[in-house]
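A closer look at the structure
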Amino acid sequence: MKLKRYEAMTLQEALKAVKAELGPDAVIVSTRRVQRGHKWLGLLSQPMVEVTAAVDRVQPEPGLGRNDHPSVAFLEEKLPSRDEALTRATDFERQLQLAAWLDPLNRQLAEVRDELERLRSERASHTISLDPIRQELEGLRTMMHHAFSDRLRHRVGTLPSSVATEFDALVSVGVQPEVAYELLRAVAETLGTMGLVQAQAVREFVWERLEAAIAVAGPSEPIEGEPRIVMLVGPTGVGKTTTIAKLAGLAAQGNRPVKTVLVTLDTYRVAAVEQLRVYARILKIPLEVAVSPHELAGCIERHRDAGLIFIDTAGRSPRDAHLHEELTAIGRQRIKLETHLVLAATAEESVLKEMVRRYSVIPIHRLLFTKLDEAGRLGHLFNLLYLMGIPVSYLAMGQRVPEDVTVATRRRMIELLNLPDVSSSANDTVFERSGALTSP
Ligand SMILES: Nc1nc2c(ncn2[C@@H]2O[C@H](COP(=O)(O)OP(=O)(O)O)[C@@H](O)[C@H]2O)c(=O)[nH]1
Ligand SMILES: [Mg+2]
């Protein structure tokens, strides 16, 4: 008896291969559907039919063995007629018939499912302004904002003139009026005790207050005794992979090179793995591919001696139903991760806030801003840092690897606001009335 296993897309194809090699009298011992390829590489994953066939070296008596197992010829003959098969076949044969009959249907179903998923993510990527409910909410918010800004305007009017000038400056670069007022009230209070203050000095106080209002994380450097594990998460196309390449490049090629390892969880698209593989090859550092969040721990365990491990994650649309699932699975792994949420500075403040909210399924330890080179006013980044209280780690400002990334400092963040200059003498202020400041 000779046993052999065949795999094909359809049962018909498998049977054809069996027949070609083992002859028409080969008997089918078993058949089952198997998934071939990479489970997480959706593109490569294929449902296949596996057929195990047997043939006797000595030709069997006619009909012998067919009671237990159908022969290829028998099956091939039967396959086209579904009704006949269903009425006459044995249980085993019926299963085969059904499998053969369902096979194309299953494939069509999978195609429909893929198409649905594609349409869903396409819809998710449409801009918020297309959504009428959101538009209405936006309108409502603007109305409330106007009502509030009347009150706010009155309060700003009570600020000493040079501080009020600073208010205008901050608002002009995109700092929220409420945030600007809150900060400047504190500045005015400090200055209230000081008598004559020059406009330039007011600016310095403002600058100091702005710097103190946000948190920065400092560089993600190796820690003693264990690898520092830095994971970048965020929506598609913000620059996670590029930033990882930049950071890994700086770490691996600096004055004091750090043993650096890349791990990618972004196996959703084949191209995404390739993109990181190219960087890993250029940087001559290892790349691990974790096909699921469950595999992360194993990948990391293999590199306990590394100084830095960077984890790249799937670029999913934040409205993708799988995002929550995937983040939860990552969160369940017992790994000491430092999570950086990567955000493009080109996005609007409301969008950035929404991202923080959506990704907060896992703890977000840092915010990392990219595409600063493409953004206009950057007040919204300041608002986000101020309101969310999450420290900022790195700033990326271009596509060059590894040059276009820098550690975020408070000074740099405020410089980026690009506040309009204060004119030298015009706004010197006498802080004589401490009562000039009203309470909110
Ligand atoms: N202008 C600019 N482009 C960037 C920056 N960072 C990344 N990119 C580009 O953004 C695109 C998407 O980057 P990628 O790293 O693949 O994004 P991911 O989907 O988040 O991994 C690529 O064309 C990058 O070159 C940046 O700081 N500035
Ligand atoms: Mg990527």
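Residues numbered from 1 in each chain as written. Chains lettered and ligands numbered in written order. Predicted model: local features only at pLDDT ≥ 70, side-chain atom pairs only at ≥ 80, totals over all residues. Heavy atoms only, no water.

A word on the overall build of the protein
Secondary structure assignment for the protein yields 15 helices and 13 strands. Per-residue burial over the protein gives 45% buried out of 440 residues. Sequence separation of at least 24 residues holds for 74% of the intrachain contacts in the protein that already meet a minimum separation of 6. (Helix = DSSP H or I, 4+ residues; strand = E, 2+ residues; numbered from the N terminus. Buried < 20%, exposed > 50% of the residue type's maximum accessible area, 1.4 Å probe, protein only. Contact = heavy atoms within 4.5 Å.)

Examining the sheet that holds strand β10 (residues 366-370)
Pairing in this open sheet of 8 strands is mixed, and the strands run β7-β6-β8-β5-β9-β10-β11-β12 from one edge to the other. The strands lining the two open edges of the sheet, one partner per strand, are β7 (287-289) and β12 (405-407). Looking at each pair of strands side by side, their axes are set apart by 25° on average, direction ignored. Relative to strand β9 (residues 337-344), strand β5 (residues 228-233) is paired through 5 bridges, and the arrangement is parallel. (Pairing = 2+ DSSP bridges. Axes fitted to C-alpha atoms, helices over the stretch in contact; angles between N-to-C directions.)

Some thoughts on the site of ligand 1
Taken together, 17 residues lie around ligand 1, and G237, K240, T241, T242 and D373 are the ones closest in. For ligand 1, the protein covers 82% of the area, taking 590 Å² as the surface of the free molecule. Taken together, the residues that form the shell around ligand 1 break down as 4 nonpolar, 8 polar and 5 charged. (Near = heavy atom within 4 Å. Areas by Shrake-Rupley, 256 points an atom, 1.4 Å probe, with all protein chains shown as cover. Nonpolar A, V, L, I, M, F, W, Y, C, P; charged D, E, K, R; others polar.)

Here we look at the nonpolar core
Ranked by size, the top nonpolar core spans 70 residues in total, and within it L210, I311, L343, L367, F369, F382 and M413 carry the most contacts. When residues of this core are assigned to their parent elements, the largest contribution, 8 residues, is made by helix α7 (residues 177-191). If you count residues domain by domain, this core takes at least three from each of domain 2 (129-215 + 421-436) and domain 3 (228-408). Once residues lying within four places of it in the same chain are set aside, the contact partners of F382 are V175, V179, L183, L210, A213, I214, I414 and L417. L247, F310, V342 and A396 belong to the second largest nonpolar core, which has 25 residues in total. (Core = buried A, V, L, I, M, F, W, Y, C linked by side-chain atoms within 4.5 Å. Domains from an automatic or database assignment.)

Observations regarding the sheet that holds strand β2 (residues 27-36)
To summarise the sheet geometry, strands pair through backbone hydrogen bonds and adopt either a parallel or an antiparallel arrangement. The 3 strands are arranged β1-β3-β2 in an open sheet whose pairing can be described as antiparallel. At either end of the open sheet lies a strand with only one pairing partner, and these are β1 (2-8) and β2. When strand polarity is set aside, the average angle formed by the axes of neighbouring strands in this sheet is 20°. Looking at chain direction, β1 and strand β3 (residues 46-55) are connected through 7 bridges and run antiparallel. The residue of β3 that forms the bridge with Y6 is V51. Contacts between helix α1 (residues 11-22) and the sheet are confined to β1, β2 and β3, with β1 contributing the most and set at about 145° to the helix.

What about unusual backbone geometry?
For the bond running from V401 to P402, omega is 0°, close enough to zero to count as cis. Topologically, P402 is positioned in the loop between β11 (392-396) and β12. Its identity is not glycine, yet K284 carries a phi of approximately 55°, on the positive side. Looking at the element boundaries, K284 is found in the loop between α10 (270-283) and β7.

So, the packing of aromatic side chains
Taken as a whole and assessed by the stated rule, the structure comprises 1 aromatic pair. A ring pair is formed by F382 and Y386, whose centres lie 6.2 Å apart and whose planes are at 5°; its orientation type is stacked. With a gap of 4 residues between them, F382 and Y386 both fall in helix α14 (residues 379-388), about one helical turn apart. (Phe/Tyr/Trp six-rings, centres within 6.5 Å; stacked < 30°, edge-to-face > 60°.)

Observations regarding the confidence of the model for the protein
Of all residues in the protein, 75% have pLDDT values of 70 or greater, and the mean over the chain is 81. A low-confidence stretch, residues 58-68 stays under pLDDT 50, and its non-local contacts, those more than four residues away or across chains, total 3 contacts. Between residues 85-89, whose pLDDT stays under 50, and residues either more than four places distant or in other chains, the model counts 8 contacts. (pLDDT = per-residue confidence, 0-100.)

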